[in-house]
Amino acid sequence: MKIFGLDISRKIKDESADEDEKVLPSFAPPVETDGSQVISGNSTSGYYGQTLDLDDASVGNERDAILKYRAAAAQPECDTAISDIINGAIVADSSNIPINLSTDNLDVPDNVKDLIREEFQNVCKLLSFNFNGQDIFRRWYIDGKLYYHLLIDPDNIKKGIQEVRMIDPLKIKKIKEVKSKTDTDSGVKSHYVSKEYFLYSDTLGSSTSAVKIDPTSIVYVPSGNLDDAGKFAVSYLHKSVKLVNQLRIMEDALVIYRISRAPERRIFYIDIGNLPKGKAEQYVQGIMSKYRNKLVYDATSGEVKDDRKAMSMLEDFWLPRREGGRGTEISTLPGGENLSQIDDVVFFQKKLYRSLNVPVGRLDVEGSNFAIGRASEISREEVKFQKFINRLRKKFSVLFIEMLKVQCLLKNICTEAEWPEIRESINVDYVEDNFFSELKDFEILRERITMLEQVQPFIGQYYSNKWVRSNVLNLSDEDFERIQDENEEEPPPADDEF
């Protein structure tokens, strides 16, 4: 196996061999669901190297999208919703470790399980996950992707990963070169991936200083969501950016309207008699200057001066009135009377929460009370929210699984051929802190026990013990055997314990 550019086992086949024999050709080009940049590796005149323009439209859009996600996350309502998601996914409890590795379904010797769990703990230490878990999850959730560079000692690779360094998603991109081959008999053109690597540029938007990085030295954790064109991975905030901008516009418009409409204004109707237009304007202007004089005292210089500066929104209205109408009159124009109406702002706030899959009830912090009740009293939105958190955890677990794979291969705990089976049998368990999910489980257990009491008189006549275990208590054969073994191992309770 070749990893980090080094051979840690037997040599693989020479790369100069026929690459077409290593893959199964297909007439359909590969569809990348991890946001990799796909480029063509074919050339009619041959080539000796390739470059990727980081100012390309698709990559540029991805970079701009990440910046928009980060700006949207700064909106107070969006930040509050993101905090609820992070608090639900990563439980920051000083008394518990945020995550653990479950190896119950792994069919390997116990000593191998212990080694895998030990390496999992080493991975968590390298990430400082106990302290930085929520920050790491927040970056992944907002940017839609995570990149980590794995550093090892080339002189002693059996030590495993020595250090991990997070890479800004704005500076790195996963690349897949796709080649095509045309069958001479059928004429069908087939496509296949020939190379995979990461392209890193320390200078944003520069392609001249780009460096190719071996894919085995980078851990890439995408969100699993793609843009409409399917070219790059997008954040879970992607569908909320527009709503954040609309909410900001509505808030700005509301502030401007309140400031401009809040004050009362005076209307001066000036009697100009039969004066011609030009003299009438001069007369009105003179009246304005006369009554708008404002003498103020300057405490700094000790002078009394004339200050006629006034905000445009507080300007009075001076209107001429011809002879024959009423004389000079001063009236008051009332200020805005619907300044307390914010229904349109609340509408966009609720829509923003729905786009983030956060229960709208959490938006009203003052009116929401935490009450303990039965599962029937739990809102459907909270149950959906917990399922959404579970999906996020599954996607985020790629970070630990990929780093654990490198650790196990470098330390010869398993081989590359054995790893796929191990990966399918292990699971990253997160500490639960969602009361509604826990309450739902207790309610289900209560209903099962109640049903068991009602079915008990009919066991042996209409129902068998096995049927009750399977259909009422929902226990598998393995669960029942494990419970029997635990009962045999545990001593019977003493009478004074009850």
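Numbers given to residues run from 1 along each chain, matching the order in which its sequence is written. Selection of residues for local features in this predicted model requires a pLDDT of at least 70, selection of side-chain atom pairs for listing and counting requires 80 or more, and totals for whole chains, interfaces and linings are taken over all residues. Side-chain metrics rest on all non-hydrogen atoms present in the structure, leaving aside hydrogens and water.

**Some thoughts on a nonpolar patch on the surface**
Thought 1: Patch members must show over 30% relative accessible area and no salt bridge, and they are joined within 9 Å when carrying like charges or within 5 Å when they are nonpolar side chains of Val, Leu, Ile, Met, Phe, Trp or Tyr. The Shrake-Rupley method, run with a 1.4 Å probe, gives the accessible areas here. Residue values count only the displayed protein chains as cover. Salt bridge, as applied in this entry: a Lys or Arg side-chain nitrogen positioned within 4 Å of an Asp or Glu carboxyl oxygen. A surface patch of nonpolar side chains, about 430 Å² in accessible area, is lined by Phe458, Tyr462, Tyr463 and Trp467.
Thought 2: A relative accessible area of 57% means that Tyr462 is categorised as exposed. Each residue's exposure class comes from its accessible area (1.4 Å probe, protein chains only) as a fraction of the maximum for that residue type: buried when under 20%, exposed when over 50%, partly exposed otherwise.

**Some points on helix 4 (residues 129-143)**
Thought 1: The angle between axes fitted to the seven residues ending at a residue and the seven residues starting there is what we call the bend at that residue. Helix and strand labels come from DSSP, where a helix needs a run of H or I of at least four residues and a strand needs a run of E of at least two; each type is numbered from the N terminus. Of all bends in helix 4, the biggest is about 25°, found at Asp135.
Thought 2: Residues of helix 4 that are buried include every one of Phe129, Gly133, Ile136, Phe137, Trp140, Tyr141, Ile142 and Asp143, and no others.
Thought 3: Gly144, located one to two residues past helix 4, shows a positive phi value of around 85°.

**A few points about the pairing of strand 16 (residues 427-430)**
Thought 1: Residues Val428 and Tyr430 of strand 16 are buried on one face, while the alternating residues Asn427 and Asp429, pointing to the opposite face, are not.
Thought 2: By the convention used here, strands pair only if DSSP detects at least 2 bridges between them. Bridge count for strand 4 (residues 99-102) against strand 16 is 4 bridges, and the pairing is antiparallel. Counted as the bridge partner of Leu101 is Val428 from strand 16.

**Considering the pattern of salt bridges**
Thought 1: One pass over the structure, following the stated rule, counts 11 salt bridges.
Thought 2: Residues Glu119 and Lys411 are paired through a salt bridge, measuring 3.1 Å at the closest nitrogen-oxygen approach. Of the two residues, Glu119 is situated in helix 3 (residues 110-127) and Lys411 in the loop between helix 9 (398-410) and helix 10 (419-425); the sequence distance between them amounts to 292 residues.
Thought 3: Since its relative accessible area comes to 5%, Glu119 is described here as buried.
Thought 4: Salt-bridge contacts for Lys176 lead to Glu196; the nearest nitrogen and oxygen are separated by 3.8 Å. Of this pair, Lys176 sits in strand 7 (residues 172-182) while Glu196 is found in strand 8 (residues 189-200), placing the two residues 20 residues apart along the sequence.
Thought 5: For Lys176, a relative accessible area of 9% translates into the label buried.

**Structural notes on the confidence of the model for the protein chain**
Thought 1: Looking at the protein chain as a whole, its pLDDT mean stands at 76, while 70% of the residues score no less than 70.
Thought 2: Within a predicted model, pLDDT stands for the predictor's per-residue confidence, ranging from 0 to 100. Throughout, a residue-residue contact means that at least one pair of heavy atoms, one from each residue, lies within 4.5 Å. Here residues 8-22 is a poorly scored stretch, pLDDT under 50, and it has 17 contacts once near neighbours within four places are set aside; other chains count.
Thought 3: Contacts of residues 43-60 to residues separated by more than four positions or lying in other chains number 29 contacts, the stretch itself having pLDDT below 50.

**Examining the packing of helix 2 (residues 76-89) against helix 7 (residues 343-355)**
Thought 1: Packing of helix 2 against helix 7 brings their axes to within 10 Å, and their N-to-C directions diverge by 35°. Note on packing geometry: the crossing formed by helix 2 with helix 7 is right-handed. In this structure, helix 2 uses Glu77, Cys78, Thr80 and Ala81 to contact helix 7, whose residues at the interface are Gln349, Leu352 and Tyr353.
Thought 2: Its residues placed into classes, the contact of helix 2 with helix 7 shows 4 nonpolar, 2 polar and 1 charged. Helix axes are fitted only over the stretch in contact, all axes being lines through C-alpha atoms; the angle between N-to-C directions runs from 0 to 180 degrees. Whether a crossing is left-handed or right-handed is set by the direction in which the near helix is turned from the far one by less than a right angle, anticlockwise for left-handed and clockwise for right-handed. Put simply, Ala, Val, Leu, Ile, Met, Phe, Trp, Tyr, Cys and Pro go in the nonpolar bin, Asp, Glu, Lys and Arg in the charged bin, and everything else, Gly too, in the polar bin.

**As for the packing of helix 4 against helix 8 (residues 380-396)**
Thought 1: Packing of helix 4 against helix 8 leaves a shortest axis separation of 12 Å and a crossing angle of 100°. The angle between the axes of helix 4 and helix 8 places the two elements in the roughly perpendicular class. Touching Phe129, Ile136, Phe137, Trp140 and Tyr141 of helix 4 are Phe388, Leu392, Lys395 and Phe396, all from helix 8.
Thought 2: Looking at side-chain class alone, the contact of helix 4 with helix 8 contains 8 nonpolar, no polar and 1 charged residues. These descriptions rest on fixed angle ranges, namely under 35 degrees for roughly parallel, over 145 for roughly antiparallel, 65 to 115 for roughly perpendicular, and the rest for oblique.

**Considering the environment of Ile172**
Thought 1: Mapped onto the elements, Ile172 comes out in strand 7.
Thought 2: Ile172 gets classed as buried once you look at its relative accessible area, which sits at 4%.
Thought 3: As a C-alpha pair, Ile172 and Ser201 span 29 residues in sequence and 6.4 Å in three-dimensional space.
Thought 4: If near-sequence neighbours (up to four positions away) are discounted, Ile172 is found in contact with Tyr147, Ile167, Phe198, Leu199, Tyr200, Ile213 and Ile218.

**Here we look at the side chain of Lys173**
Thought 1: With respect to the helices, strands and loops of the structure, Lys173 is situated in strand 7.
Thought 2: Engagement of the side chain of Lys173 in a polar contact is seen with the side chain of Glu62, the distance being 2.8 Å. In the analysis that follows, any N or O atom pair within 3.5 Å is treated as a polar contact, provided that within protein one partner can donate a hydrogen and the other can accept it, and provided that, for residues neighboring in sequence, both atoms belong to side chains.

**Considerations on the sheet that holds strand 5 (residues 145-152)**
Thought 1: Strand order in the open sheet formed by 3 strands is 6-5-10, and the pairing between neighbours is antiparallel. The open sheet is flanked by strand 6 (161-167) and strand 10 (218-222), the only strands paired with a single partner. Strand after strand, the sheet turns through a mean of 25° between neighbouring axes, direction not considered.
Thought 2: Across 5 bridges, the pairing between strand 5 and strand 10 is antiparallel. Within the sheet, the bridge partner assigned to Lys145 lies in strand 10 and is Pro222.
Thought 3: Seen against the sheet, helix 9 touches strand 5, strand 6 and strand 10 and runs at an angle of roughly 155° to strand 10.

**A look at the nonpolar core**
Thought 1: For our purposes a nonpolar core is just a set of buried Ala, Val, Leu, Ile, Met, Phe, Trp, Tyr and Cys residues, chained together by side-chain atoms within 4.5 Å. One finds Leu127, Phe137, Tyr141, Phe396, Leu399 and Phe400 to be the most contacted residues of the largest nonpolar core, which totals 72 residues.
Thought 2: Other than its neighbours up to four places away in sequence, Leu127 contacts Asn132, Ile136, Tyr148, Val164, Leu399, Phe400 and Met403.
Thought 3: Counting 8 residues, the second-largest nonpolar core is a separate cluster that includes Ile172, Ile213, Tyr220 and Ala233.

**Observations concerning a negative patch on the surface**
Thought 1: Together, Asp477, Glu478, Glu481, Asp485, Glu488, Glu489 and Glu490 make up a region of like negative charge exposed at the surface.
Thought 2: By the secondary structure assignment, Glu481 is in helix 13 (residues 477-489).
Thought 3: The class of Glu481 is partly exposed, set by a relative accessible area of 48%. In this count, Lys and Arg are taken as positive residues and Asp and Glu as negative ones, while His and the chain termini are left out. To locate a charge, take NZ of a lysine, CZ of an arginine, CG of an aspartate or CD of a glutamate.

**Focus on the environment of Tyr283**
Thought 1: Tracing the chain through its elements places Tyr283 in helix 6 (residues 277-291).
Thought 2: Each C-alpha atom, one on Tyr283 and one on Ile270, is 9.0 Å from the other, the two residues being 13 residues apart in sequence.
Thought 3: When sequence neighbours within four positions are dropped, the list of residues in contact with Tyr283 reads Ile270, Asp271, Ile272 and Leu275.

**Some words on the pairing of strand 10**
Thought 1: Among the 5 residues of strand 10, 5 are classified as buried, and the element is accordingly described as predominantly covered.
Thought 2: Because side chains alternate across strand 10, one face comprises the buried residues Ile218, Tyr220 and Pro222, and the other comprises Val219 and Val221, equally buried.

**Quick notes on unusual backbone geometry**
Residues apart from glycine generally show negative phi values, whereas peptide bonds are mostly found in trans.
Thought 1: In this model, Asn412 sits at a positive phi of 60°, which is unusual for a non-glycine residue.
Thought 2: We classify Asn412 as partly exposed; its relative accessible area is 49%.
Thought 3: Within the chain, Asn474 stands out as a residue other than glycine whose phi angle is a positive 55°.
Thought 4: Mapped onto the elements of the fold, Asn474 is located in the loop between helix 12 (465-471) and helix 13.

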